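A closer look at the structure
What follows is each chain in one-letter form.
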Amino acid sequence: LPHPWPPLFEKMQQGQIWRLFSPILLHADLLHLFFNLIWFFALGKQIEARIGSWRFLSLILAIAVFSNTAQYLMSGPAFLGLSGIVTGFAGFIWTRQRTYGETYPLQRVTAYMIFAFILGVAALEAILFLLSMTIHEPFSLGIANTAHLAGAWVGFKLGKAPFFRIEPV
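As the structure is a prediction and not an experimental result, all values here were calculated from the model. (Residues numbered from 1 in each chain as written. Predicted model: local features only at pLDDT ≥ 70, side-chain atom pairs only at ≥ 80, totals over all residues. Heavy atoms only, no water.)

1. What about the overall build of the protein chain?
Using the following cut-off: Numbering of helices and strands runs from the N terminus, with a helix taken as a DSSP run of H or I at least four residues long and a strand as a DSSP run of E at least two residues long. Using C-alpha atoms as the atom set, the radius of gyration is obtained and then compared with a globule rule of 2.2 Å times the number of residues to the power 0.38. To sort residues, take the accessible area from a 1.4 Å probe on protein chains only and compare it with the maximum for the residue type: under 20% means buried, over 50% means exposed, and anything in between is partly exposed. Shrake-Rupley sampling with a 1.4 Å probe provides the accessible areas, and residues are treated as covered by the protein chains on show and by no other component. Note that His is not counted, nor are the chain ends; the positive residues are Lys and Arg, and the negative ones are Asp and Glu. In this description, the location of a charge corresponds to atom NZ of lysine, CZ of arginine, CG of aspartate or CD of glutamate.
The number of helices and strands found in the protein chain is six helices and zero strands. In the protein chain, the succession of α and β elements from N to C terminus is α-α-α-α-α-α. Scaling as 2.2 N^0.38, a compact globule of 169 residues should have a C-alpha radius of gyration of about 15 Å, and the protein chain matches this with 17 Å. Overall, the protein chain is about 60 × 35 × 30 Å in size when its C-alpha atoms are taken along their principal axes. Looking at the protein chain residue by residue over its 169 residues, the buried ones come to 40%. For the protein chain, the accessible area works out to roughly 10,400 Å², and carbon and sulfur atoms hold 71% of it. Here the protein chain holds 11 positive side-chain charges and 7 negative ones, and the gap between their average locations is 13 Å.

See below:
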């Protein structure tokens, strides 16, 4: 029987490189878009003010490519949303605060809420994996859990990068 998935990265091999970042532009519905944009602007505005627009765009693209590639490898091409970027921003801010002592007007409870969400996503991913293994059928709630986790992880890592130092004022 033929394999149910096409060869990995088939469309990108055909030159459709935008598929590495375009899922961040698509959303399931207006509520999904609304909540993603609230977090995007709340966190992104703080980051862009510190690192400048070009570095900010580089940060977005790096998080998007990494989190989207991870999600693609886990679930195939059917996913969308900006949440990987948002969790990446949270990881970036967290690392900048802890590593370099930078101050962001981000209340501690907000950071804890975001990380509780990330940990909840990780727990949900583990439960779904165990359920899938138990019933021998793929089981999913249609949430791009891998993109959330990968976005947070790459945000942590990029927060340590000297490239994203604070812009002199």
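2. Details of the nonpolar core
This is how it is decided: Take the buried residues of types Ala, Val, Leu, Ile, Met, Phe, Trp, Tyr and Cys, join any two whose side-chain atoms come within 4.5 Å, and each joined set is a nonpolar core.
Counting residues in hydrophobic clusters, the biggest one holds 28 residues, and the most contacted among them are Phe40, Leu43, Ile47, Leu59, Ile85, Phe89 and Phe92. Counting only elements with at least two residues in this core, the list comes to helix H2 (30-51), helix H3 (53-75), helix H4 (83-100), helix H5 (108-135) and helix H6 (145-159). In terms of residue count, H4 provides more of this core than any other element does, six residues in total.

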